[in-house]
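Summary of structural features
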Amino acid sequence: MPSTASTSFYTPIEQIPKIHARAWQAWRTGKTKSVAWRKEEIAQLGYMIKDNEQRIKDALKIDLGRPEHETEFFDFTAVYIDVKLAFDNLEEWTKTQKPAFNLTFFAMRPQMRAEPKGAVLLIAPFNFPVALILGPLVGAIAAGNTVVIKPSEQTPTYSALLAELVPQYLDPDLVRVVNGGVPETTALLERDWGHIFYIGNARVGRIIATAAAKHLTPVTLELGGQNPVVIDPKCNLRTAARRILWGKFSNAGQICLCPEYVLVPEEFQDEVAVAFTEVYHEFYPEGPTNSESFGRIITEGHTARLAKLLEKTRGSVVFGGDSDVSARYIAPTLIRDVCIDDPLLEDELFGPILSLVPVKSIDDAIACINSKSPPLAIYVFSQDKVFQKKIFDNTRSGSAVANETLLCAGVPGLPVGGVNASGYGYFTGKFMFDQFTHLRTSIDSPAWLDKVGLGLRYPPYSKSTVAKQLLAPSLPARPQRKQKDGPPRNEGWSIWFAVTLVGVASFMLRLTGPGRLLLSQLKDQ
């Protein structure tokens, strides 16, 4: 098993400025503007995976201890979907677009076109190093950019394989791989890019956003968070247990969208624990330690961190709880009676430990969710649409998912993206293409327009309202709304009208006989 300390496959740091400069030079040649070239590269990317599936699976077995089935399901399938979608739709995505008809401006032939941002940088995580590197690469190529890829140093076998395969299948002038650790990544971030796309954790996301701000470089951050599950006692509990445990224990819990904790009514916790235990034994009938269906933690350091959290928790172990740091093994684990402030819930775990958090009511569940940063996903298991709606309408998250886990990221046509601490921007499909393009607008204004109204914009200005009428649309009807601390506007006018009438009547009274008599009597007193 290779050590992440091995640096023999790292890119020499002195080459990074040259790679950066070459990426911009290659983009300025205009070669990537060709839609035919982009489609050829996208197809080549797909066959780079197809031709080397077994080598990739073997590499990820070494780096992640991952079952081949999970690599096929999560990594290969996701990229193949992106490749097919981009290849089939690229002509449509790159078409010049026209805004809605406007009588004033139609003669200027307004239009817009999605143009590439230039040389872009992809910084990828370790957990799905095929889908989360090559998926965004599909979008970047489809958009017409040159690309520099920085894979994770924590998957050395796969990252070295990627550096070998990319120049064999893709144009080496336009797609480059830079391998390395923190120094190499820092050197890349010191330079200006058309866009930076990062998938990973919030701590590194802040570093990348800060570095990008120096050059005002646009950034996409796909981060993670603590994704809660809310269980309705009336749900199909067996289905919920299977889907939740699958979502939590796949890839040994190292998935940004995996369930983190389950909010369950206090009186229902025992039943949930029993159902989850039954499914656990079905998933791993011979135990998870030697199961071909369960992976390993990426490093010994991450394993030790998780083992220490298991020691600190104030909850009770239902099943699992075992660890072997040298083997990078944390058993699939369920902990019950976990408080929302338990050490297990202080930060994103990125491991196969699931917590049951008992709550008194649905309102308490909502309060628990809102006490933390908005997650990448909130999962609700209930057939009751009112129950679902109450949770989703009173919380914030990247995705709102009912009766499923993880699969929201694989639905063609839906984006993946977070909010606030769980990230910003989107990826997958057309949304990924949009991240790597800029909508460049244009008009072509004929001279005769100045003779039919637009000439009024030039000094010396007149008091004519024609230009205003030409350019400014009429406002919608004024809303009939109450003032903050008073009656509605029409009621206010009624009051003022009444006051005015009283004032006029008083004045008239002073001029009449009775009025003068009253005034004289007052003067005599």
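So, here is what we can say about the structure in this document. (Residues numbered from 1 in each chain as written. Predicted model: local features only at pLDDT ≥ 70, side-chain atom pairs only at ≥ 80, totals over all residues. Heavy atoms only, no water.)

**Observations regarding the nonpolar core**
Grouped together as the largest cluster of nonpolar side chains are 118 residues, with contacts concentrated most on Leu45, Leu134, Leu137 and Phe276. Apart from residues no more than four positions distant in its own chain, Leu45 is found in contact with Val79, Val83, Leu134, Leu137, Val138, Ile141 and Leu170. Listed in part, the 21 residues of the second largest apolar core include Ile16, Val178, Ala187 and Leu221. (Core = buried A, V, L, I, M, F, W, Y, C linked by side-chain atoms within 4.5 Å. Buried < 20%, exposed > 50% of the residue type's maximum accessible area, 1.4 Å probe, protein only. Contact = heavy atoms within 4.5 Å.)

**Quick word on the side chain of Asn52**
Mapped onto the elements of the fold, Asn52 is located in the loop between helix H2 (35–50) and helix H3 (53–64). Among the polar contacts made by the side chain of Asn52, one reaches the side chain of Tyr169 at a distance of 3.3 Å. With sequence-adjacent residues up to four places away left out, Asn52 is seen in contact with Leu165 and Tyr169. (Helix = DSSP H or I, 4+ residues; strand = E, 2+ residues; numbered from the N terminus. Polar contact = N/O pair within 3.5 Å; in protein donor to acceptor, adjacent residues only side chain to side chain.)

**A word on the state of the cysteines**
In the structure shown here, the tally under the stated rule is zero disulfides. We note that Cys368 lacks a disulfide partner, and the nearest cysteine sulfur, in Cys339, lies 9.4 Å from it. You can call Cys368 buried: its relative accessible area is 13%. (Disulfide = S-S within 2.5 Å.)

**Focus on the sheet that holds strand S16 (residues 423–424)**
Strand order in this open sheet of six strands is S4-S3-S2-S5-S6-S16, and the pairing throughout is mixed. Two strands lie at the open edges of the sheet, namely strand S4 (175–177) and S16, each paired on one side alone. (Pairing = 2+ DSSP bridges.)

**Details of the packing of H3 against helix H4 (residues 68–93)**
Close contact between H3 and H4 brings their axes to 10 Å; oriented N to C, the two are set at 125°. Classified by the interaxial angle, the pair formed by H3 and H4 is oblique. Crossing of H3 over H4 shows right-handed handedness. Counting all contacts with H3, which are made through Glu53, Gln54, Ile56, Lys57, Asp58 and Leu60, the residues of H4 involved are Glu68, Thr71, Glu72, Asp75, Phe76 and Tyr80. Here the contact of H3 with H4 is composed, by residue class, of four nonpolar, two polar and six charged. (Axes fitted to C-alpha atoms, helices over the stretch in contact; angles between N-to-C directions. Parallel < 35°, antiparallel > 145°, perpendicular 65-115°, else oblique. Left-handed = near helix turned anticlockwise from the far one by under 90°. Nonpolar A, V, L, I, M, F, W, Y, C, P; charged D, E, K, R; others polar.)

**A few points about a nonpolar patch on the surface**
Among the surface-exposed residues, Phe101, Leu103 and Phe106 lie close enough to one another that they form a single nonpolar patch of about 390 Å² accessible area. Phe106 gets classed as partly exposed once you look at its relative accessible area, which sits at 44%. (Patch = residues over 30% accessible without salt bridge, like charges linked within 9 Å, V, L, I, M, F, W, Y side chains within 5 Å. Areas by Shrake-Rupley, 256 points an atom, 1.4 Å probe, with all protein chains shown as cover. Salt bridge = Lys/Arg side-chain N within 4 Å of Asp/Glu carboxyl O.)

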